[in-house]
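Architecture at a glance
These are the residues of each chain, in order.
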Amino acid sequence: MKQSNVTGHRGDIHDGLFNSHTGFLIDLACDAGRYEVVHPYERLDPARITEAPLSCPSCKAANSTDPTAPPHRGRLALEHAKAVLACADQRGYPPPLDDEGLRLAFLALGLEDPPAERLYPLIREHLTDMLTDRALTVPEGIPSVLVHYTRYTGGTLQAPIGVGDRLMHDGIASGNWHVVKVDAVEDTADGVVVTVSEKDWPHPRKWTGPDITRWFLKLDRAPSNA
Ligand SMILES: [Zn+2]
């Protein structure tokens, strides 16, 4: 998540919360909503991004240390995102990030006061940031092999492969999009070799580094408790 001050239609300066990879304005720290700054079906006018200090009273209050002020929507969303991720880690697989997945996650968490659906895009962005950080981190000492990784809310990066990662075969040519798990990444005399296994298929398969890069996409890093 990225933050920039933005000028609203009425001239107020708000605390704007952005997708860090696509630059999409997700929401504001106050209750006003993104349409206070961007018209429906239009892109944010870059001229609205400003260095000027906040003037919206609610955004100012949300950024103050006043304990009675309404919460900063970005920070509130971060707390919810952390809870969802911790719950998913306990189960051993990443959280579904669509609206229904988030709704079910909050149901499972048994929150007395689950977040309103309007907060979901910010929660989703925090979760995407956390899952991206995780996907980009593999244990030290593993030979480097990079594959494409697509963030859920947009943006493609090159991510290293580690043991336990889930990769998907790029089936754009074959129609075959099977998922594999990485069992080993090893330096050999012939270069890096990656061993992967498939559910319901007893024979692990070895791929060279360049072939893995060419044919596979990274879905996610192994769960943190693995
Ligand atoms: Zn505001």
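Residues take numbers from 1 onward in each chain, read along the sequence in its written order. Reporting of local features is limited, given that this is a predicted model, to residues whose pLDDT is at least 70; pairs of side-chain atoms are given and counted only at 80 or more, and all residues count toward the totals for whole chains, interfaces and linings.

**Digging into the overall build of the protein chain**
Applicable threshold: Only DSSP runs of H or I with at least four residues qualify as helices, and only runs of E with at least two residues qualify as strands; both kinds are numbered from the N terminus onward. A pair of residues counts as a contact when their C-beta atoms, built from backbone coordinates, are within 7 Å of each other.
The helix and strand tally for the protein chain stands at 5 helices and 11 strands. Referenced to the eigenvectors of the C-alpha coordinate spread, the extents of the protein chain come out at roughly 65 × 40 × 35 Å. Long-range pairs, those at least 24 residues apart, make up 50% of the contacts in the protein chain between residues at least 6 apart in sequence.

**Observations regarding the sheet that holds strand β9 (residues 191–198)**
Backbone-to-backbone hydrogen bonds join strands into a sheet, with any given pair of strands oriented parallel or antiparallel. The test is simple: DSSP bridges decide pairing: two strands pair if at least two such bridges lie between them. As a rule, the C-alpha atoms of each element are fitted with a line to give its axis, helices using only the stretch in contact, and angles between N-to-C directions run from 0 to 180 degrees.
Spatial strand order, β6-β5-β11-β7-β8-β9-β10: 7 strands in an open sheet with mixed pairing. Each edge of the open sheet is held by one strand with a lone partner, namely β6 (156–160) and β10 (201–208). Across this sheet, the average inter-strand angle for adjacent strands is 45°, counted without regard to direction. Alignment of strand β7 (residues 166–169) against strand β8 (residues 179–188), held across 3 bridges, turns out to be antiparallel. Residue pairing across strands places M168 opposite V179, the latter belonging to β8.

**Considerations on the packing of helix α2 (residues 73–91) against helix α3 (residues 99–109)**
Working note: a packed helix pair is described by the angle between its axes plus the distance between those axes. Just so we agree on the cut-off: Working rule for angles: under 35 degrees goes down as roughly parallel, over 145 as roughly antiparallel, 65 to 115 as roughly perpendicular, anything else as oblique. Residue polarity is assigned by list, with Asp, Glu, Lys and Arg as charged and Ala, Val, Leu, Ile, Met, Phe, Trp, Tyr, Cys and Pro as nonpolar; anything else, Gly included, falls into the polar class.
Contact geometry of α2 with α3 gives a least axis separation of 10 Å together with a crossing angle of 80°. If you check the angle between α2 and α3, you find them roughly perpendicular. Touching A83, V84 and C87 of α2 are L102, A105, A108 and L109, all from α3. Its residues assigned to classes, the contact of α2 with α3 shows 7 nonpolar, no polar and no charged.

**Concerning the environment of G16**
Positionally, G16 belongs in strand β2 (residues 13–18). Among all residues touching G16, those that are not within four sequence positions of it are Q3, S4, N5, V6, L25, L28 and V37.

**Let's talk about the domain arrangement of the protein chain**
In plain terms, the rule: Domain borders in the structure are assigned automatically or taken from a domain database.
Entries for the protein chain in the domain assignment read domain 1 (2–62), domain 2 (73–135) and domain 3 (146–220). Domain 1 and domain 3 are separated by 39 Å when their C-alpha centres are compared.

**Let's talk about the sheet that holds strand β1 (residues 2–7)**
Ordered in space as β3-β2-β1-β4, the 4 strands form an open sheet in which the pairing is antiparallel. Sheet topology places β3 (25–28) and β4 (49–50) at the edges, where each strand pairs with a single neighbour. As paired elements, β1 and β2 share 6 bridges and run antiparallel to each other. Each residue of the ladder has a partner; that of S4, found in β2, is G16. Together, β2 and β3 form the strand contacts of helix α4 (residues 120–135), whose direction differs from that of β3 by roughly 120°.

**Regarding the packing of α2 against α4**
For clarity, the threshold we go by: Here is the rule for handedness: rotate from the far helix to the near one, and if that takes an anticlockwise turn smaller than a right angle the crossing is left-handed, while a clockwise turn gives right-handed.
Where α2 contacts α4, the axes come no closer than 8 Å and their chain directions differ by 55°. The angle between α2 and α4 places the two elements in the oblique class. Two packed elements cross with a definite hand, and for α2 against α4 that hand is right-handed. Mapping the contact onto sequence places R73, G74, A77, L78, H80, A81, V84 and L85 in α2 and L122, I123, H126, L127 and M130 in α4.

**Here we look at the pairing of β2**
Spelled out, the test is: Burial is judged by counting the other C-beta atoms within 10 Å of a residue's own C-beta: 20 or more makes it buried, 12 or fewer makes it exposed, and any count in between marks it as partly exposed, with every C-beta position built from the backbone.
Counting buried residues along β2, 5 of its 6 residues qualify, which places the element largely inside the surrounding structure. The turn linking β1 back onto β2 is made up of 5 residues, and G11 within it adopts a positive phi angle of 95°. In this sheet, β3 lies alongside β2 in antiparallel orientation, the contact comprising 3 bridges. Residue pairing across strands places L17 opposite D27, the latter belonging to β3.

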